[in-house]
Amino acid sequence: ANETHLKAQGETFNLVIEYRTMASEREQQLLARVRALETELELAQEPGRMKPTSKPLESLGPLSTSRSVKVRLCPLEPVTPGGAGVNGTMYELTGPTKLLKTLAQVDLPTLGSLSPIRPITLPQDARKLANIHDDAVTFAWAYPLAGVAQMTAEQAAIMTPENVAAHSFISFGGFVYFDGNGNFLQLNALDPGTGLYFSGPYPLPAAVKAELKAMGRVQPVSAGPIRDTGALNFAWIFPEEEFKTKLPTPNTDGCFAYDYGGDGSNDRYFTVVRTPEEASKMADEAAAQWTLKTENVL
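Residues numbered from 1 in each chain as written. Predicted model: local features only at pLDDT ≥ 70, side-chain atom pairs only at ≥ 80, totals over all residues. Heavy atoms only, no water.

It is worth spelling out the overall build of the protein at this point. Across its full length, the protein holds nine helices and 13 strands. Scored against the burial criterion, the 298 residues of the protein give a buried share of 48%. Taking all contacts inside the protein whose residues are at least 6 apart in sequence as the whole, residues at least 24 apart take part in 68%. Accessible area for the protein stands at about 15500 Å²; split by element, carbon and sulfur atoms hold 55% of it. (Helix = DSSP H or I, 4+ residues; strand = E, 2+ residues; numbered from the N terminus. Buried < 20%, exposed > 50% of the residue type's maximum accessible area, 1.4 Å probe, protein only. Contact = heavy atoms within 4.5 Å. Areas by Shrake-Rupley, 256 points an atom, 1.4 Å probe, with all protein chains shown as cover.)

Let us now look at the environment of Lys 244. Note on placement: Lys 244 falls in the loop between strand E11 (233-237) and strand E12 (255-259). Spatially, the C-alpha atoms of Lys 244 and Ala 207 are 7.7 Å apart, while their sequence positions differ by 37 residues.

Across four bridges, strand E1 (residues 63-66) lies against strand E8 (residues 184-192) in antiparallel orientation. The partner of Leu 63 across the bridge, within E8, is Pro 192. Where strand E7 (residues 174-178) meets E8, five bridges bridge the pair, whose relative direction is antiparallel. Bridge pairing in E8 places Phe 175 opposite Asn 188. Connecting the antiparallel pair E7 and E8 is a turn made up of five residues, with Gly 182 showing a positive phi of about 85°. (Pairing = 2+ DSSP bridges.)

The subject of this paragraph is the side chain of Ser 199. Along the chain, Ser 199 falls in strand E9 (residues 197-203). A residue is classified by how much of its surface remains accessible, and Ser 199, at 2% relative accessible area, is buried. At 2.6 Å, the side chain of Ser 199 forms a polar contact with the side chain of Thr 271. (Polar contact = N/O pair within 3.5 Å; in protein donor to acceptor, adjacent residues only side chain to side chain.)

By size, the foremost hydrophobic cluster in this structure holds 46 residues, and its most contacted members are Phe 175, Trp 236, Phe 256 and Tyr 258. For this core, the secondary-structure elements that each account for two or more residues are strand E6 (138-145), E7, E9, helix H6 (206-214), E11, E12 and strand E13 (268-273). Apart from the residues within four sequence positions on either side, Trp 236 is in contact with Ser 115, Phe 139, Trp 141, Tyr 143, Phe 175, Arg 217, Asp 253, Gly 254, Cys 255, Phe 256 and Val 272. (Core = buried A, V, L, I, M, F, W, Y, C linked by side-chain atoms within 4.5 Å.)

The next subject is the pattern of salt bridges. Per the counting criterion, the structure on display carries six salt bridges. Between Asp 267 and Lys 209 there is a salt bridge, and its shortest N-O distance comes to 2.7 Å. Here Lys 209 lies in helix H6 and Asp 267 lies in the loop between E12 and E13, a separation of 58 residues in the sequence. Its relative accessible area of 13% is what places Lys 209 among the buried residues. Where Arg 274 meets Asp 253, a salt bridge forms, and the shortest distance between an N and an O atom there is 2.8 Å. Placement of the pair is Arg 274 in the loop between E13 and helix H8 (276-281) and Asp 253 in the loop between E11 and E12, with a sequence separation of 21 residues. Judged by its relative accessible area of 29%, Arg 274 is partly exposed. (Salt bridge = Lys/Arg side-chain N within 4 Å of Asp/Glu carboxyl O.)

Averaged over all residues, the pLDDT of the protein is 78; the fraction at 70 or higher stands at 72%. Of all helices and strands in the protein, the one with the weakest mean pLDDT is helix H1 (residues 2-44) (49), whereas E12 scores best (97). Under a pLDDT of 50 for its full length, residues 5-10 has, in the predicted model, zero contacts with residues more than four places off or in other chains. Considering only residues more than four positions removed or in separate chains, one finds that residues 36-50, a stretch of pLDDT under 50, has 19 contacts. (pLDDT = per-residue confidence, 0-100.)

Once that is clear, we can look at the environment of Ser 113. Of note, Ser 113 is situated in strand E4 (residues 111-114). Through-space distance from the C-alpha of Ser 113 to that of Val 218 is 9.5 Å; in sequence the pair is 105 residues apart. Only 3.3 Å separates the side chain of Ser 113 from the side chain of Gln 219, close enough to count as a polar contact.

To continue, consider the packing of aromatic side chains. On inspection of all chains with the given rule, the structure shows 16 aromatic pairs. A ring pair is formed by Phe 139 and Phe 175, whose centres lie 6.0 Å apart and whose planes are at 50°; its orientation type is tilted. One end of the pair, Phe 139, is in strand E6; the other, Phe 175, is in strand E7, with 36 residues separating them in the sequence. Exposure class is identical for Phe 139 and Phe 175. Each is buried. Chaining the aromatic ring pairs together yields one cluster made of Phe 139, Trp 141, Tyr 143, Phe 175, Tyr 177, Phe 198, Phe 234, Trp 236, Phe 256, Tyr 258 and Phe 270. The aromatic ring of Phe 238 is capped on one face by Arg 118, whose charged end is 4.3 Å from the ring centroid. (Phe/Tyr/Trp six-rings, centres within 6.5 Å; stacked < 30°, edge-to-face > 60°. Lys NZ or Arg CZ within 6 Å of the ring centre and 35° of its normal.)

In regular strands, side chains alternate between the two faces of the sheet. Among the seven residues of strand E3 (residues 89-95), six are classified as buried, and the element is accordingly described as predominantly covered. In terms of strand pairing, strand E2 (residues 72-75) meets E3 through four bridges, oriented antiparallel. In the sheet register, Cys 74 faces E3, and the bridge partner there is Glu 92. Of the strand pairs in this sheet, E3 and E4 are connected by four bridges, and their pairing is antiparallel. What sits directly across from Tyr 91, in E4, is Gly 112.

So, in structure tokens, the structure goes:
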């Protein structure tokens, strides 16, 4: 009986090793596809190929966060209760099956980038407005699926799922929430509405953008209205994140940064604030920061 047990143990171990090898090979194939798509986008963003149709982004939001996103995802690295790292990781969509089949049909990988995971900073009333799960302890920003920014109109038409919130997440990204043990709880997509407010824009220091790029945290803009303003890339900066060069304003609850290329004079960021009144109150501060930047250039 003992020999039979040991044999079964050995066979199980071999199956586990085989599964892990297959999973690793599949992961490498997906990552290679992502890198190829990133290279295509870099070529498309060369000077002269991008033709913005309006002025740089002057406001962001307010936005609503939808909890009806019927997708499942899994970070490719374990989620620790207190968050991990400054470089973030990748995530893979694992369901539902119908959505995965649609993505395969348009040749989109099921991988995307995930920001560093950090504790939630919003107070209880702001959490409710943002539709954050009661058991959520940590969160991250999930960037759009790799390749979405390069999709053709035909691909987009095929890809659009019945669930509008799922389509919003795949195309534009969303916030992912985890419980105290690092288990995935929910994914909130962003839509025009109320609940999530921003102040800004503020000038994004070139050194901060360089740090974000060095960490692999800058991803292509896929939202059409924002891309039409000339924005090439964007990044989520987590709450209270510190850089070698300080941001010119407090970053209590996180912010979105936008890279406009060129000499960086249009690069900007918007900070999350807790009420619309706070956003209005900080408008003068935002204008003052641009005035200060202009004076420093002159």
